[in-house]
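These are the residues of each chain, in order.
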Amino acid sequence: MKLAVVVLAAGRGKRMNSNVPKVLHRIFDKPMLQYVLDSSSMLRPSKILIVVGKHQEDIKNSVKNRDVSFVMQKEPKGTAHALRKAVMRLKGFKGTIIVLNGDAPLITAKTLRRLLMLHRNGKNDISFISFIAGSPAAYGRVLRDKSGNVRSIIEEKDANKSQKNISEVNSGIYAFEADALKLLEDISMNKLKGEYYLTDIIGIARDRGLRVKAYCIGSEAELMGINTATELLKARQMFRERIINKWIETGVIFLDPDSVFVFPHVIIGKDTIIYPDVYLEGKTKIGKGCILYPNVRINDSIVKDRAVIKDSTIIESSLVRENAVIGPFAHLRPGCDIGAEAKIGNFVEVKKSVIGKKTKASHLSYLGDASIGESVNIGAGTITCNYDGKGKHRTIIEDNVFIGSDTQLVAPVSVGKSAYIGAGSTITKDIPSMSLAISRVEQRNIDGWVSKKIKVKSSKLKVLS
Ligand code: UD1
Ligand code: CA
């Protein structure tokens, strides 16, 4: 059976008070419109049409890599007018057309599938999803007749007092059989708003004896529409809670779930403990039994089982292997591979480097463009000088090397297996394995230097007095 999807996204979005088109406002890392497209493309429709208006360029750019077509609605003359533009493009299409609002992003594919199933099994001409709204004022109310069948939808502005008390509202998500959309031609302009209301099609279809059903099958948390910045904030909170609750169910432990952000594509293993103010972004994967302490932000990274990420640490596009300990106050920049049981400690920055198993860099270091073997000790204050002003160079440190504190490794340079570097060295030449490198000025002690200095000072003072 053929299926097409139409997303209405040409409205002005005036109530947002923003220059950004409404459907491009973000929930986490994606614009609202993207969420609607993600859910609807899971129904595998043969076509997705987006009705766009004044902001068409911005909208087209934001969904560049998707298989969608655009229909222009020059003037936003209402939802029925917008759909009519799409229907003109769908000429000759026989089958079901799902219509969604671009400003209701939390809809799941599961609920859309349910609508489609109910619509097709019921052999309906038109079906739509309704829900019970906490404050229904922003929505069209669903009017039902005595036997409970939907009669029509009435918008807030046109509703009388008793209709305003109805809390069952229209979600703006419909399934139409293509033939029923001929009725769009019969919708007249709403005088109060100067727009053609798609919602009028329900009453008209009933009058003509078509089969019309409203299914109250979803919650406000999934179906809410976003017209204002406050509603956007509310939607973000609800979406955040939906994700966190899912992970709580699967055995992730949150000490303060209200302060944690987990992006939709993140995966977290069982028995992982997450402290307050943690952000897990992008396509991050956290293993089982990990601990993420407060103020940790992990973006597009993999953290394997039982790793511990201590307070105030940032990890970007990197891999942290089993039982490794990172932080506090560490920064893994993109391209790091931190070995199992390795330790990257206080104020250590690592970039594009491989750190071997059981290697430790516990304090105040910069390790960039380095390949470091297993069981290496990186002393406090060690720096790989990877940049000569023009290009980046690599530092290679083999297994079991001991690097004394405050060492500078001027790349390109390599340190052979089990070599030692004395503290305070500046290493500019390769070090053979098993040898000691030391490159500091030998220490001199000058006897009595301090007392001589004091004598000179006091004789000068005498002259002055
Ligand atoms: C609409 C419904 C209302 C429903 C609510 C659900 C109508 C008349 N009302 O109200 O019954 O409860 O959604 O959230 O349909 N759009 C266009 N072109 C236009 C006007 C709007 O493409 O000329 C698009 C908007 O970009 C938006 C969607 O249609 O994505 C809905 O428009 P909006 O103005 O937000 O309608 P609501 O007042 O929320
Ligand atoms: Ca809306």
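Treat the numbers as computed from the prediction; the structure is a model and nothing was measured. (Residues numbered from 1 in each chain as written. Chains lettered and ligands numbered in written order. Predicted model: local features only at pLDDT ≥ 70, side-chain atom pairs only at ≥ 80, totals over all residues. Heavy atoms only, no water.)

**Description of the overall build of the protein chain**
Here's step 1: Looking only at helices and strands, the protein chain has nine helices and 39 strands in total.
Here's step 2: Its C-alpha atoms give the protein chain a radius of gyration of 32 Å, clearly above 23 Å, the size a compact globule of 465 residues would have.
Here's step 3: Oriented by its inertia axes, the alpha-carbon framework of the protein chain measures out at about 110 × 65 × 45 Å.
Here's step 4: Within the protein chain, the proportion of its 465 residues that are buried is 48%.
Here's step 5: For the protein chain, contacts bridging at least 24 residues in sequence account for 40% of all contacts bridging at least 6.
Here's step 6: Of the roughly 23300 Å² of accessible surface on the protein chain, a fraction of 52% belongs to carbon and sulfur atoms. (Helix = DSSP H or I, 4+ residues; strand = E, 2+ residues; numbered from the N terminus. Rg over C-alpha atoms; globule rule 2.2 N^0.38 Å. Buried < 20%, exposed > 50% of the residue type's maximum accessible area, 1.4 Å probe, protein only. Contact = heavy atoms within 4.5 Å. Areas by Shrake-Rupley, 256 points an atom, 1.4 Å probe, with all protein chains shown as cover.)

**Focus on the environment of Gly-218**
Here's step 1: Take Gly-218: it is sitting in the loop between strand 11 (212–216) and helix 7 (220–223).
Here's step 2: Considered as a pair, Gly-218 and Gln-443 are 225 residues apart in the sequence and their alpha carbons are 77 Å apart.
Here's step 3: Every residue in contact with Gly-218, bar those within four places of it in the chain, is listed here: Ser-130, Phe-131 and Leu-223.

**Structural notes on the site of ligand 1**
Here's step 1: Taken together, 24 residues lie around ligand 1, and Gln-73, Gly-78, Thr-79, Glu-155 and Asn-170 are the ones closest in.
Here's step 2: Between ligand 1 and Ala-10, the relevant distance is 2.8 Å, taken from an oxygen atom to a main-chain nitrogen or oxygen of the residue.
Here's step 3: In this structure, an oxygen atom belonging to ligand 1 sits 3.0 Å away from a side-chain N or O atom of Asp-103.
Here's step 4: Calculation on ligand 1 without its partners gives an accessible area of 760 Å², and the protein chains cover 93% of this total. (Near = heavy atom within 4 Å. Polar contact = N/O pair within 3.5 Å; in protein donor to acceptor, adjacent residues only side chain to side chain.)

**Structural notes on the coordination of the calcium ion (ligand 2)**
Here's step 1: In the first shell of the calcium ion (ligand 2), the protein supplies Asp-103 (OD) and Asn-227 (OD1), at 2.2 to 2.4 Å from the metal. Taken together, the residues Asp-103 in the loop between strand 6 (96–101) and helix 4 (109–121) and Asn-227 in the loop between helix 7 and helix 8 (229–249) connect sequence positions 124 residues apart. Here the two residues Asp-103 and Asn-227 agree in accessibility, since each one is buried. (Donors = N, O, S within 2.8 Å, 3.2 Å for Na, K, Ca; no water.)

**Remarks on the sheet that holds strand 30 (residues 370–372)**
Here's step 1: On the basis of which strands lie adjacent, the open sheet formed by nine strands has the order 14-17-20-23-26-28-30-33-36 and parallel pairing. Among the strands making up the open sheet, the edge pair consists of strand 14 (267–268) and strand 36 (413–415).
Here's step 2: In terms of strand pairing, strand 20 (residues 302–303) meets strand 23 (residues 319–320) through two bridges, oriented parallel. Residue pairing in the sheet places Ile-302 in a bridge with Leu-319 of strand 23. (Pairing = 2+ DSSP bridges.)

**What about the environment of Leu-115?**
Here's step 1: Summarising the element assignment, Leu-115 is placed in helix 4.
Here's step 2: With 69 residues separating them along the chain, Leu-115 and Ser-46 place their C-alpha atoms 18 Å apart.
Here's step 3: When sequence neighbours within four positions are dropped, the list of residues in contact with Leu-115 reads Ile-98, Ser-127, Phe-128, Ile-129, Ile-173, Tyr-174, Ala-175, Tyr-215 and Ile-217.

**Details of the domain arrangement of the protein chain**
Here's step 1: Under the domain assignment, the protein chain is made up of domain 1 (3–223) and domain 2 (244–437).
Here's step 2: Between domain 1 and domain 2 the total buried area reaches about 380 Å² when both faces are included, carbon and sulfur atoms providing 75% of it.
Here's step 3: In terms of surface lost to domain 2, no three residues of domain 1 exceed Phe-28, Asp-29 and Lys-30, which account for 91% of the buried area on that side.
Here's step 4: Run the count over domain 1 and domain 2 and you get zero salt bridges. (Domains from an automatic or database assignment. Buried area = accessible area lost by both parts, 1.4 Å probe. Salt bridge = Lys/Arg side-chain N within 4 Å of Asp/Glu carboxyl O.)

**Quick word on the nonpolar core**
Here's step 1: Counting 96 residues, the largest nonpolar core has Val-262, Ile-268, Leu-280, Ile-326, Ile-338 and Ile-344 as the members making the most contacts within it.
Here's step 2: Here the element with the most residues in this core is helix 8; it accounts for seven residues.
Here's step 3: Ranked by size, the runner-up nonpolar core spans 35 residues in total, among them Ala-4, Leu-49, Ala-82 and Leu-83. (Core = buried A, V, L, I, M, F, W, Y, C linked by side-chain atoms within 4.5 Å.)

**So, the side chain of Ser-365**
Here's step 1: Note on placement: Ser-365 falls in strand 29 (residues 360–368).
Here's step 2: The buried category is assigned to Ser-365, whose relative accessible area is 6%.
Here's step 3: Among the polar contacts made by the side chain of Ser-365, one reaches the main-chain carbonyl oxygen of Thr-382 at a distance of 3.1 Å.
Here's step 4: Discounting residues that sit within four places of it in the chain, Ser-365 has contacts with Phe-347, Val-348, Glu-349, Ile-378, Gly-379, Gly-381 and Thr-382.

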